[in-house]
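Summary of structural features
Letter by letter, the chains look like this.
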Amino acid sequence: MAMPSPELEVWRYSRIAELDLATYTAGAVRTTVTGAESLPAADPALVAALVAGMTVHDVFDELNAAYHQTVAITVPAGKVLAEPIVVTHRIPLEDSGRALYPRLVIHGGQDSEFTVVERFESHPDAQALIVPRLLVHASQAARVSYLGINLLGDKVWQLGHQQATGERDSTTLLATVALGGDYARVRTDARLVGQGGTTKQVALYYADGNQMHDFRTLQDHISPRTYSDLLFKGAVQDTAKSVYTGLIRIGEEARGSTAYQTNRNLTLSEGAWAESVPNL
């Protein structure tokens, strides 16, 4: 597959033309997981079925599929976890020059409730590329919350893609705190396939120096009487940049659906720049 270009709408305003993949070598991700000790091991057949439903969009999805290291979290039906599960990816200085491909698969059984926190950290001088993929599946009436925290150094590129599916009467929260990285991009596709499902997307971001945060979102209403809400708030300073492009899509069968989309930005310096493109 060809490298994407800023001429493509989904990559418009991005810095993808600056990336030279040849300067990186695929490496192993240093990942730890805490808080999942009481859970049963994930069923490989279930994980394979969920991954098979992932939508491939570009060469980075293909690269993740080829080199991924998967962490799978499955919470049984009816189980409620009081404490969050924390997944931490660390990039030490010795991993400079590496391209890393973590994959996190989260499945919430019927009427389960839990939170997963995914942290991305790096040594301040580490120069690397991280291409994470997230798959969230909320079964009927499940309440699944996800928080991604970007604390990467300013020499790391992040190219993330998140896909979430909510079944009937489920509630899914997809939240992001983005503070680090040189160029940090997160694309989030949230699908509501079950009647009465709810999805919420929240992001808080700050960039200074020459940083750039890039968010692309999809609120995809497929079934009737579904609800989505999005609130992204950020600030840019010095010559930093941010991009938000969001699409609300209401399917033919999604009558009675409700959707909200809000993006608020502060430009704190004359050289800072924020782009906001909402779509329905």
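Everything in this summary refers to the structure shown in the same document. (Residues numbered from 1 in each chain as written. Predicted model: local features only at pLDDT ≥ 70, side-chain atom pairs only at ≥ 80, totals over all residues. Heavy atoms only, no water.)

**Looking at the overall build of the protein chain**
Of the regular secondary structure elements, the protein chain holds 2 helices and 19 strands. Principal-axis analysis of the C-alpha atoms gives the protein chain an extent of 45 × 40 × 35 Å. Counting only residues that meet the buried cut, the protein chain has 50% of its 280 residues in that class. Sequence separation of at least 24 residues holds for 89% of the intrachain contacts in the protein chain that already meet a minimum separation of 6. When the accessible surface of the protein chain is split by element, carbon and sulfur atoms take 52% of a total near 12,200 Å². Computed over 23 positive and 31 negative side-chain charges, the inter-centroid distance for the protein chain is 4 Å. (Helix = DSSP H or I, 4+ residues; strand = E, 2+ residues; numbered from the N terminus. Buried < 20%, exposed > 50% of the residue type's maximum accessible area, 1.4 Å probe, protein only. Contact = heavy atoms within 4.5 Å. Areas by Shrake-Rupley, 256 points an atom, 1.4 Å probe, with all protein chains shown as cover. Lys, Arg positive; Asp, Glu negative; His and termini not counted. Charge placed at Lys NZ, Arg CZ, Asp CG, Glu CD.)

**Some words on the nonpolar core**
Counting 29 residues, the largest nonpolar core has Ile73, Ile91, Leu104, Ile106 and Val116 as the members making the most contacts within it. Elements that contribute at least two residues to this core include exactly strand 3 (69-75), strand 4 (85-91), strand 6 (102-108), strand 7 (113-122), strand 8 (128-130), strand 9 (133-138), strand 10 (143-151) and strand 11 (156-166). Membership of the second largest hydrophobic core comes to 16 residues, among which are Leu63, Val131, Tyr183 and Val243. (Core = buried A, V, L, I, M, F, W, Y, C linked by side-chain atoms within 4.5 Å.)

**Overview of the environment of aspartate 20**
Within the secondary structure, aspartate 20 is located in the segment before strand 1 (25-26). Aspartate 20 sits 209 residues away from aspartate 229 along the chain, and the two C-alpha atoms are 36 Å apart.

**A closer look at helix 2 (residues 59-67)**
Taken together, the buried positions of helix 2 are Val59, Phe60, Asp61, Leu63 and Asn64. Summarising the contacts, the buried residues of helix 2 are in contact with strand 6, strand 9 and strand 11. One side-chain oxygen of the residue at the start of helix 2 lies 3.0 Å from the amide nitrogen of phenylalanine 60, identifying that residue as aspartate 58. (Polar contact = N/O pair within 3.5 Å; in protein donor to acceptor, adjacent residues only side chain to side chain.)

**Considerations on the pairing of strand 11**
Taking burial as the measure, the 11 residues of strand 11 include 11 buried ones, the bulk of the element. Neither face of strand 11 is left uncovered, since the one carrying Val156, Gln158, Gly160, Gln162, Ala164 and Gly166 and the one carrying Trp157, Leu159, His161, Gln163 and Thr165 both have all their residues buried. Of the strand pairs in this sheet, strand 8 and strand 11 are connected by 3 bridges, and their pairing is parallel. If you follow isoleucine 130 over to strand 11, its bridge partner there is glutamine 158. Taken together, the 6 bridges between strand 9 and strand 11 define a ladder with parallel strand orientation. Bridge pairing links histidine 137 to threonine 165 in strand 11. The pairing of strand 11 with strand 13 (residues 183-192) spans 10 bridges and is classified as parallel. Looking across to strand 13, one finds that glutamine 162 is bridged to threonine 188. (Pairing = 2+ DSSP bridges.)

**Here we look at the sheet that holds strand 10**
Overall, mixed pairing links the 8 strands, which are arranged 2-4-7-10-12-14-16-18 in an open sheet. Looking at which strands have only one partner, the edges of the open sheet turn out to be strand 2 (30-34) and strand 18 (258-267). Taken over all neighbouring pairs, the strand axes of this sheet differ in orientation by 10° on average, direction set aside. Examined bridge by bridge, strand 12 (residues 171-178) and strand 14 (residues 198-207) share 8 bridges and lie parallel to one another. Bridge assignment links leucine 174 to a residue of strand 14, and that residue is glutamine 201. (Axes fitted to C-alpha atoms, helices over the stretch in contact; angles between N-to-C directions.)

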